[in-house]
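Residues per chain are reported as follows:
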Amino acid sequence: MIALIGLVAGVVLGFVLHPGVPLWLQPYLPIAIVAALDAMFGGLRARLDGIFDDKVFVVSFLSNTIIAALIVFFGDQLGVGSQLSTGVVVVLGIRIFSNVAAIRRKLFQA
Amino acid sequence: MSLLADLMSGSGLDPGYEETAARRAATGERESRPGRVTRLLAATLLLGLLGAVAVVQVRRGAPVAERQRDALIGQIHQRTGETDALQRQADGLRRQTEALRRSALARGDAGQSARQDLDRAAGVAAQVPVSGSGTVVTVDDAHAAHGSQDQQDGRIYDQDLQRLVNGLWASGATAIGINGQRMTATTAIRSAGDAILVDYRPLSPPYAVSALGGSGLGRSFAGSPAGRAFRTLEATFGIRYDIRQEDSVRLPAAPALPLRYARTVTPK
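About the thresholds
- Residues numbered from 1 in each chain as written.
- Chains lettered and ligands numbered in written order.
- Predicted model: local features only at pLDDT ≥ 70, side-chain atom pairs only at ≥ 80, totals over all residues.
- Helix = DSSP H or I, 4+ residues; strand = E, 2+ residues; numbered from the N terminus.
- Buried ≥ 20, exposed ≤ 12 C-beta atoms within 10 Å, placed from the backbone.
- Contact = placed C-beta atoms within 7 Å.
- Expected span 1.5 Å × (residues − 1).
- Arc of directions from axis to C-beta.
- Nonpolar A, V, L, I, M, F, W, Y, C, P; charged D, E, K, R; others polar.
- Axes fitted to C-alpha atoms, helices over the stretch in contact; angles between N-to-C directions.
- Parallel < 35°, antiparallel > 145°, perpendicular 65-115°, else oblique.
- Left-handed = near helix turned anticlockwise from the far one by under 90°.
- Pairing = 2+ DSSP bridges.

1. Description of the overall build of chain B
Helix and strand content of chain B: seven helices and eight strands. Every one of the 268 residues in chain B was classed for burial, and the buried ones make up 21%. By sequence separation, contacts in chain B at least 24 residues apart represent 75% of the contacts at least 6 residues apart.

As structure tokens, then:
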């Protein structure tokens, strides 16, 4: 419930305030969001498993986004930015899918 | 930990929650509720903010690209207008020199015959506007090819226009223009990207090729190899191709040809 309130409030804030993203941060925003989605679905799954822990959630969320952005940043510096972002998206995508599959099994028993 | 192995076994990919739950069960400790609520609220707020910002960012990016495109198109129009103005200026100056030359040559027999030679040469070099009866051949991309990038069949290419123009010359045309642009013996028909350039100016379809050469020109072109080739293209790809006989075809003069080999004589 609290999580949902926070999420909605964040989205509303984002649309109302229109915060500008500095140019140097823009390439890392999409990958950070994919990482954040991964943390979100991980948290949702843990919640359904009854083992949700807010500390783990916050730490995994922050570390996921920062590390994903960092990987892409280093990739850009080394000239393999697009390949590394593909790698990050693939790994996170697999995790998101498996988490969503677990959530689905919990909710629908299917 | 191997990602694929974890994936196949179906176990949790993020063991953090399980470990914490086990530790909590072992020690029985639990933090205060307000602290947990704030932490969770802050994290989810950040998450939502991140997503919303990304959406806004993408939305904002699209008009920027559109604006740049508009600016480029505006520049193209502006430069084309400038070229047109310069061309008009050049035409006016050319008319002046022409008149001056005529009046200079009007004295004496040698001058008269030189003037006749010049007139003949100017006609052949497409340096004077002409009009008369002739033929207008209109070709256009097939309807399916309009506006689509990947549908390459049924498009008119520069080679097609080259073949058409050469076919008309071969059928006895005395002067040719495409969409109001006069062709000389050295006018280039090229393509740049999707556009066809005639004399380095872009054309837009349909392409109307007007040719002067009497009333029989249309028939003799239709029977020529080029005409038959276009008939085949029309049947195969559905391009537009029609030949129309016109009593009065008017063609402007071509832009002045640069002198490549002739040198001005320095008076001694």
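2. Side note on the overall build of chain A
A tally of regular secondary structure across chain A gives four helices and zero strands. Along chain A, helices and strands appear, N-terminal first, in the series α-α-α-α. Counting the 110 residues in chain A, one finds 35% classified as buried. In chain A, of all internal contacts separated by at least 6 residues, the share reaching a separation of at least 24 is 67%.

3. Observations concerning the environment of Asp199(B)
All names here are of chain B. If you trace the backbone, Asp199 turns up in the loop between β5 (195-198) and β6 (201-203). In sequence terms Asp199 and Pro255 are 56 residues apart; their C-alpha atoms lie 9.1 Å from each other. Here Asp199 is in contact with Gln181, Thr187, Ala188 and Pro255, once residues within four sequence places are set aside.

4. Considering helix α7 (residues 225-237) of chain B
Residue and element names in this part refer to chain B. Helix length check: α7, at 13 residues, gives a terminal C-alpha distance of 18 Å against a target of 18 Å (1.5 Å per residue), a fit within 8%. Buried residues of α7: Ala226, Gly227 and Phe230, and no others. All buried residues of α7 fall inside an arc of 100° around its axis, so they share one side. For α7, exposure combined with an orientation more than 90 degrees from the buried face picks out Pro225, Thr232, Ala235 and Thr236. Considering only its buried residues, α7 is in contact with β1 (130-140), α5 (158-170), α6 (217-223) and β8 (240-251).

5. Some details on the interface of chain A and chain B
One widely used convention gives an interface's size as the accessible area the parts lose upon coming together. Contacts between the two partners involve 37 residues from chain A, matched on the other side by 28 residues from chain B. Of all the secondary structure elements, the ones that give two or more residues to the side of chain A that touches chain B are α1 (2-17), α2 (29-49), α3 (54-78) and α4 (81-108) of chain A. Counting residues per element, the side of chain A that touches chain B draws most heavily on α1(A), at eleven residues. By residue class, the composition of the side of chain A that touches chain B is 25 nonpolar, eight polar and four charged.

6. Observations regarding the environment of Thr20(B)
Looking at where Thr20(B) falls in the secondary structure, it is placed in helix α2 (residues 16-27). When near neighbours in sequence (up to four residues on either side) are disregarded, Thr20(B) contacts Asp53(A) and Val56(A).

7. Comments concerning the packing of α3(A) against helix α3 (residues 33-105) of chain B
Running from amino to carboxyl end, α3(A) crosses α3(B) at an angle of 30°, the nearest separation of the two axes being 9 Å. What the angle tells us is that α3(A) and α3(B) run roughly parallel. In this structure, α3(A) meets α3(B) at a crossing whose hand is left-handed. Together, Asp54(A), Lys55(A), Phe57(A), Val58(A) and Phe61(A) of α3(A) and Arg36(B), Arg39(B), Leu40(B), Ala43(B) and Leu47(B) of α3(B) make up the contact between the two elements. The residue inventory of the contact of α3(A) with α3(B), partitioned by class, reads six nonpolar, no polar and four charged.

8. Observations regarding the sheet that holds strand β7 (residues 207-212) of chain B
Residues and elements named next belong to chain B. The strand order β3-β2-β7-β1-β8 describes an open sheet built from five strands, whose pairing is antiparallel. Each edge of the open sheet carries a strand with a single partner, namely β3 (181-183) and β8. Within this sheet the neighbouring strands show an average axis-to-axis angle of 25°, counted without direction. Sheet topology places strand β2 (residues 175-178) next to β3; three bridges connect them, and they run antiparallel. For Ile178, the partnering residue across the bridge sits in β3 and is Gln181. Running over the sheet, α5 touches β1, β2, β3 and β7 and is turned about 15° from β7.

9. Observations concerning the sheet that holds strand β4 (residues 189-192) of chain B
Residues and elements named next belong to chain B. If you trace the three strands from one edge of the open sheet to the other, you get β4-β5-β6, paired in antiparallel fashion. Unpaired on one side and paired on the other, β4 and β6 mark the two borders of the sheet. Neighbour-to-neighbour, the strand axes of the sheet open up by a mean angle of 40°, direction not taken into account. In this structure, β4 lies alongside β5, joined through four bridges in antiparallel fashion. Within the sheet, the bridge partner assigned to Ala192 lies in β5 and is Ala195.

10. Comments concerning unusual backbone geometry
Residue and element names in this part refer to chain B. A cis amide bond, omega 0°, links Pro205 with the succeeding residue Pro206. Of note in the backbone geometry, Ala126 takes a positive phi value of approximately 60° without being a glycine. By the element assignment, Ala126 lies in the loop between α4 (109-124) and β1. Unusually for a residue other than glycine, Asn179 sits at a positive phi of about 45°. Structurally, Asn179 is set in the loop between β2 and β3. By the C-beta count within 10 Å, which is 15 here, Asn179 ends up partly exposed.

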